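# Examination of the molecular architecture
These are the residues of each chain, in order.
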Amino acid sequence: MTPTLATPGETTAARSGRFSFSLRDAGTLIGLVVIMAVFAALVPGFLSERNLINILQQSSINACLALGMTLVIISGGIDLSVGPTAAVSAVITATLLLAGTPVPLAILAGLGIGVLCGFINGVLVAYVGLQPFIVTLGTLSTYRALALIYTGGNPVLGIPPGFRALFNGTLFGVPTPILIVAVIAFAAWVLLTKTPIGEYLLAVGGNEEAAYVAGVPIARTKITAYVISGGLAALASLILIGRLGAAEPILGNLWELDAIAAAAIGGASLMGGKGSIVGTILGAIILGAMRNGLTLMNVQAFYQLLATGLIILVAMMIDRATRGRE
């Protein structure tokens, strides 16, 4: 029997997460429109169909990561290990493919590794009682080391064409990664807004003590969030190695920064209990559009990193200023 969550376990911020398009999402959309308009004025051809598809395709990996990160943040946690999780999944999938493993089985193995990494994170947070930041900081180093040890520090080259066609092809003229992320985003939206698990995530992140009193399975809810995050990190790595044709143990460096940035821009509160799937997708596209525009303007990469950091700070200030007003 599903427990009924009522106040104070169900906060105003949590209830706002049920709507498909909130006021905060509208603000994020306006921000995207402004950024697109600025780069359209500065960069000829920025709004061309080819470049817009390129932006969406480039944003797909971060969007995939950020969707999982959003669920973790809503539950009151954080996952700093998404990049190394992706690296472990990528190198194991690649070696299985080179060993002749059928593509579907190799994909399932790669996703399974991501799920396992997320499960370990969740167990350490939910049952051992360690802080999410400390846990995932530790597993960030651990998973990265495992990827390096597994490959001897060398890239795995020669990904089979059949696998690459699956993750780097097109369907009805639309790149496969965009379609994959669209399906994942819809599934995440349904999970968060239409299922008990979504209520549990919002309740645990909003007020864990009240959620416990209401009968919410706290540990299971937290583990679920980390498992999804790990699985989506693995999926992001499969998209990338399909595009590149190789898997490197250093893959996914600083991916956690991009994922947190997209979630924060989209309205996820790092205090927990608040987040939006629509906002996260818009946040990922904002980052993708910004980097695409800066690259076309020949702005050096370290300035792009600076811009990402500043955007996170601005998003946090906006969240602090608007907290409790929706």
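My aim in this report is to walk through the structure given alongside it, one point at a time. (Residues numbered from 1 in each chain as written. Predicted model: local features only at pLDDT ≥ 70, side-chain atom pairs only at ≥ 80, totals over all residues. Heavy atoms only, no water.)

## Some details on the packing of helix α7 (residues 161-168) against helix α11 (residues 218-244)
Rule in force here: The axes used here are C-alpha line fits, helices contributing only the stretch in contact, and every angle between their N-to-C directions lies in the interval 0 to 180 degrees. Each helix is a run of H or I in the DSSP string that is no shorter than four residues. Each strand is a run of E no shorter than two, and both are numbered from the N terminus. The crossing is said to be left-handed when, going from far helix to near helix, the turn is anticlockwise and less than a right angle, and right-handed when the turn is clockwise. Working rule for contacts: check all heavy atoms of both residues, and any pair within 4.5 Å makes them a contact. Nonpolar residues are Ala, Val, Leu, Ile, Met, Phe, Trp, Tyr, Cys and Pro. Charged residues are Asp, Glu, Lys and Arg, and all others, Gly as well, are polar.
Interhelical geometry of α7 versus α11 gives an angle of 115 degrees and a closest axis separation of 8 Å. Both α7 and α11 take part in a crossing whose hand is left-handed. Listed contacts from α11 to Phe163, Arg164, Phe167 and Asn168 of α7 are Leu235, Leu238, Ile239, Ile241, Gly242, Arg243 and Leu244. Across the contact of α7 with α11, the residue classes break down as 7 nonpolar, 2 polar and 2 charged.

## Description of the state of the cysteines
Selection criterion: Two cysteine sulfur atoms make up a disulfide if the distance between them is within 2.5 Å. In this scheme, a residue with accessible area under 20% of its type's maximum is buried, one over 50% is exposed, and one in between is partly exposed, where area comes from a 1.4 Å probe on protein chains only.
Inspection of the entire model under this criterion finds 0 disulfides. With no disulfide of its own, Cys64 lies closest to Cys117 among cysteine sulfurs, the gap being 15 Å. Given the relative accessible area of 0%, Cys64 is considered buried.

## Overview of the environment of Leu67
Within the fold, Leu67 resides in helix α3 (residues 49-74). A residue is classified by how much of its surface remains accessible, and Leu67, at 0% relative accessible area, is buried. Residues Leu67 and Val278, 211 residues apart in the sequence, show an inter-C-alpha distance of 9.5 Å. Sequence-distant contacts of Leu67, defined by excluding residues within four places in its chain, comprise Val181, Ile184, Ala185, Leu232, Ile277, Thr280 and Ile281.

## Some points on the environment of Ile61
Tracing the chain through its elements places Ile61 in helix α3. The class of Ile61 is buried, set by a relative accessible area of 8%. Linking Ile61 and Ala225, residues 164 residues apart in sequence, is a C-alpha distance of 19 Å. Dropping the residues within four chain positions of it, Ile61 is found in contact with Ala236, Ile239, Leu240, Arg243 and Trp255.

## Notes on helix α4 (residues 82-98)
For clarity, the threshold we go by: To estimate the expected span of a helix, count its residues, drop one, and scale the result by 1.5 Å.
Taking 1.5 Å as the rise per residue, α4 with 17 residues should run 24 Å; its terminal C-alpha atoms sit 24 Å apart, in good agreement. Taking burial as the measure, the 17 residues of α4 include 14 buried ones, the bulk of the element. Positioned one or two residues after α4, Gly100 has a phi angle of 95 degrees, which is positive.

## Brief notes about the packing of aromatic side chains
The condition is simple: Stacked, edge-to-face and tilted labels apply to pairs of Phe, Tyr and Trp rings (six-membered ring for Trp) whose centres lie within 6.5 Å, assigned for plane angles under 30 degrees, over 60, and everything in between, in that order.
Under the definition given, this model contains 4 aromatic pairs. With 5.5 Å between their ring centres and 35 degrees between their planes, Phe39 and Phe46 make a pair best called tilted. The class of Phe39 is buried, set by a relative accessible area of 8%. Relative to Tyr303, the ring of Phe302 has its centre 4.9 Å away and its plane inclined at 45 degrees; by these criteria the two rings are tilted. Relative accessible area serves as the criterion here: at 51%, Phe302 is assigned to the exposed category. Overall, Tyr303 belongs to the partly exposed group, its relative accessible area being 47%.

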